[in-house]
Amino acid sequence: MHRALAITELLTHILCEVYNDDEGLSLRRGIKDMARVSQVCKTFQEPALDFLWRNLDSLLPLLRLLPHEIHEEHSDKARLSKVLGDLESPERQRYISISSRVRTLSFSEPHEPIPRNLINDIIEYNLPLTPRVDVLRLRISSEAGLRLLPALITPELTDISLSFDENLYVFDRPLDLGNLIKAVYMTIFQCAPKLVHFSAVDLHEALPLLSLTKAPGQDHLDIACLQSLTHVSFYITATSLPQVLGLTSQLCKLEDLTIQVCGKPFEEIPRLSSLAPETFSSLKSVTFDSSPDIISCIFSAFPANRAIQSAVIRMHGIHTNADIALVLLGVVAAASKESLQKIVMTSVLSNNDLAHWDADSEIDTRQFILDINAIEPALQFQNLEIFSACFGVPLYLTDEDHLRIAQTWRSVRLLYLSSIVQRVIRTHKPPASIASLVHYARYCRRLNALGLCLDASTKASVNACMQAVDAYDNILEPNLSLLSPSIKMVEFGPSWLECNFDPVQISSLAKAFTRLFSNLAACRACRTEELGAPQAAWSWMKVQTLYEYILFTDQGCNVDTPRSAWKLRLFSKWISDYGNDYEKVALAAPGSSLEAGFDDDRNAEAFNQIMYKTARDELAKICREHEVV
């Protein structure tokens, strides 16, 4: 063995690389490798065992270390009791030695039931199952599981996710269930002073009232996590809202609050009391998932002017202008207009919603046409850097609306105006034209990604864009340019582009892009073939291809847009064949039916897939940079 491997830090680093090599695909391979490494020599044994036991997705490997067959209800109880009772016994010391290596543990009681007599012994003899665990993922389904939980809680715990199974409420319901659940919460909060992340899922009954503050006349209440808990998440029913807000309002360092409310049929929304002015003073990010009425109700309990920086709103179903505006008015009432930088709103249509929309029913889909009135309240936040609104159906905005948005959100970096949709009203085209892009190029000089719905199907739309470009060029100072160097991605929704790959239309759009964007890496349309805008998805990619080709003919390799060897070869061939006859290039570009002159090594379909992947990867990169999912 090389002497360098005797250096503990170096050996640990090497083993870490081996352990994490395939973590994204299969962590079990790393575990198997560590098991082999631990048997090589004594020098490798201890570091390898640390990795081998670091992350457990079951409690059973630990329990198998005890002198007890956990699948048997009747076993040598006397021997087990002696081992657990004797703090110095070799078996107990061996268990503590190995269990102390565990840092992350997942335990799902419905899938790994434990004999109750073993649980009773663990509780009676106070055996710490995981003395140094950092992260716990628990699913509890019985009274025994509730009683076992304190044996898993340690002072080192920083992250716990707790889920209560339906069996606990229906098939194995103890008489004092409410008190047991309350005791579980209080045990966590009292015994985990380093707790930072807490998550709870309880979709069956209202949570118990939890007070983390000292009651009148009480001498002392040691709730250390009040000073450490920063991220809290609850997945509950509406009846638990008062308890959840009452609990989280007591956390003086809370930064991130997530509340998902699962609505039940005929369940009334509880009346929420307004919280004290000093509550949620440290809150930076909120994520609420429910109906517009419930989300608005939650915001109504908040004190005004909280220094919230991010608001993520998730809804389900088809909503009107009034529904969406109601939610945004709640954000306006709770968040400071100076601090809020990010609003992400989504509404996902279920299969039932889609079936109802598509069926020949009496539903008037025109009532769900969304316009500027839906997002009007959000325009009060002039410091926004991210605004994403994807509601399942498009936002039908006018050129004047886009101008107002661009002038208001000048610092925006990512702007998605319902460009990813699930259904459209096919007879209702977006009123905005290509000229809307001019406003964002001029006013939003930090914008990286733009998503919108517009009508690019007519010559008038393109002419309006070119006229707007000319008008801005005439009023701009000589040292200023309309060209946007920041916009790298444009995502068109079901933007009507019914030109059937018309080369005149393609070249007109590409030329317009060269006067608006200097660094456009990708543009695309999403699902348009399914939504009544045939061929638009590939048409936009042809526009992107021709846009890059025009820049290439003008500037050669000195352009900012991404380059690849195969694309340079293709562009060089087009220069020799077509030169600056861009309409012929539009015909030759893959995606159309006229591909006779295309003899590159990659066929048209492969080219299309590459362009699509480029757009997808560019969007993913931008979203990661701005923490948008």
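Placed above this text is the structure.
Residues numbered from 1 in each chain as written. Predicted model: local features only at pLDDT ≥ 70, side-chain atom pairs only at ≥ 80, totals over all residues. Heavy atoms only, no water.

Engineer: If you had to explain helix α7 (residues 116–124) to someone new, which residues and values would you point to?
Structural biologist: For the α-helix, the turn length of 3.6 residues means that residues three or four positions removed from each other point alike. Within the sequence span of α7, burial applies to N117, L118, I119, D121 and I122. Immediately downstream of α7, the backbone of N126 shows phi near 55 degrees, a positive value. (Buried < 20%, exposed > 50% of the residue type's maximum accessible area, 1.4 Å probe, protein only. Helix = DSSP H or I, 4+ residues; strand = E, 2+ residues; numbered from the N terminus.)

Engineer: Outline the pattern of salt bridges, supporting the account with residue identities and numerical values.
Structural biologist: For the coordinates displayed, the defined rule picks out nine salt bridges. For the salt bridge of K573 with D577, the shortest nitrogen-to-oxygen distance reads 2.7 Å. With a gap of four residues between them, K573 and D577 both fall in helix α21 (residues 565–577), about one helical turn apart. (Salt bridge = Lys/Arg side-chain N within 4 Å of Asp/Glu carboxyl O.)

Engineer: With reference to specific residues and values, describe the side chain of S285.
Structural biologist: Among the secondary structure elements, S285 is positioned in strand β8 (residues 285–289). Classification of S285 by relative accessible area gives buried; the value is 15%.

Engineer: Let's hear about the packing of helix α18 (residues 459–475) against helix α19 (residues 503–514): which residues, and what values?
Structural biologist: Where α18 contacts α19, the two axes come as close as 10 Å, and the packing angle between them is 20 degrees. Our classification of the angle between α18 and α19 gives roughly parallel. Every pair of crossing elements has a handedness; the one defined by α18 and α19 is left-handed. In contact with K459, V462, C465 and M466 of α18, α19 contributes Q505, S508, L509 and A512. Across the contact of α18 with α19, the residue classes break down as five nonpolar, two polar and one charged. (Axes fitted to C-alpha atoms, helices over the stretch in contact; angles between N-to-C directions. Parallel < 35°, antiparallel > 145°, perpendicular 65-115°, else oblique. Left-handed = near helix turned anticlockwise from the far one by under 90°. Contact = heavy atoms within 4.5 Å. Nonpolar A, V, L, I, M, F, W, Y, C, P; charged D, E, K, R; others polar.)

Engineer: Just give me the short version of the environment of G246, but keep the residues and values in it.
Structural biologist: The topology assignment puts G246 in helix α11 (residues 241–248). G246 sits in the partly exposed class, given a relative accessible area of 28%. As for G246 and L272, which are separated by 26 residues in sequence, their C-alpha atoms are 9.7 Å apart.

Engineer: How would you sum up α18? Please name residues and give values.
Structural biologist: In this model α18 runs 25 Å from its N-terminal to its C-terminal C-alpha over 17 residues, within 8% of the 24 Å that 1.5 Å per residue would give. Turning to α18, its buried residues are S461, V462, C465, A468, V469 and Y472. Mapping the buried residues of α18 onto a view down its axis gives an arc of 120 degrees, with all of them on the same face. Set apart from the buried face of α18 by more than 90 degrees, the exposed residues are K459, A460, Q467, N474 and I475. Tucked inside the fold, the buried residues of α18 contact α16 (399–408), α17 (436–443) and α19. (Expected span 1.5 Å × (residues − 1). Arc of directions from axis to C-beta.)

Engineer: Mind laying out the packing of helix α12 (residues 292–301) against helix α13 (residues 321–334), listing which residues take part and the relevant values?
Structural biologist: Remark: α12 packs on α13, axes separated minimally by 8 Å, with the N-to-C direction vectors making an angle of 10 degrees. Here α12 is positioned roughly parallel relative to α13, judged by the angle of their axes. Every pair of crossing elements has a handedness; the one defined by α12 and α13 is left-handed. Between α12 and α13, the residues in contact are P292, D293, I295, S296 and F299 and D323, L326, V327, G330, V331 and A334, respectively.

Engineer: Help me get a handle on the nonpolar core, residues and values and all.
Structural biologist: Core analysis: the biggest nonpolar cluster contains 170 residues, and F198 and F302 have the highest contact counts within it. Excluding anything up to four places from it in sequence, F198 contacts I160, Y185, I188, F189, L229, H231, V232, S233 and F234. V312, C390, L414 and A449 belong to the second-largest nonpolar core, a separate cluster that totals nine residues. (Core = buried A, V, L, I, M, F, W, Y, C linked by side-chain atoms within 4.5 Å.)

Engineer: With reference to specific residues and values, describe the packing of aromatic side chains.
Structural biologist: Using the criterion set out here, one finds 21 aromatic pairs in the structure. The interplanar angle of 15 degrees and the centroid separation of 6.5 Å between the aromatic rings of F492 and F513 together place this pair among those described as stacked. Within this pair, whereas F492 is found in strand β14 (residues 489–492), its partner F513 is found in helix α19, the two being separated by 21 residues in sequence. Measuring from centroid to centroid gives 5.7 Å for Y549 and W574, while their planes differ by 80 degrees, and the two rings are edge-to-face. In this pair, Y549 sits in helix α20 (residues 536–555) while W574 sits in helix α21, placing the two residues 25 residues apart along the sequence. According to the relative accessible area criterion, Y549 is buried, its value standing at 0%. Taken together, the ring pairs in this structure connect F164, Y185, F189, F198 and F234 into an aromatic cluster. (Phe/Tyr/Trp six-rings, centres within 6.5 Å; stacked < 30°, edge-to-face > 60°.)

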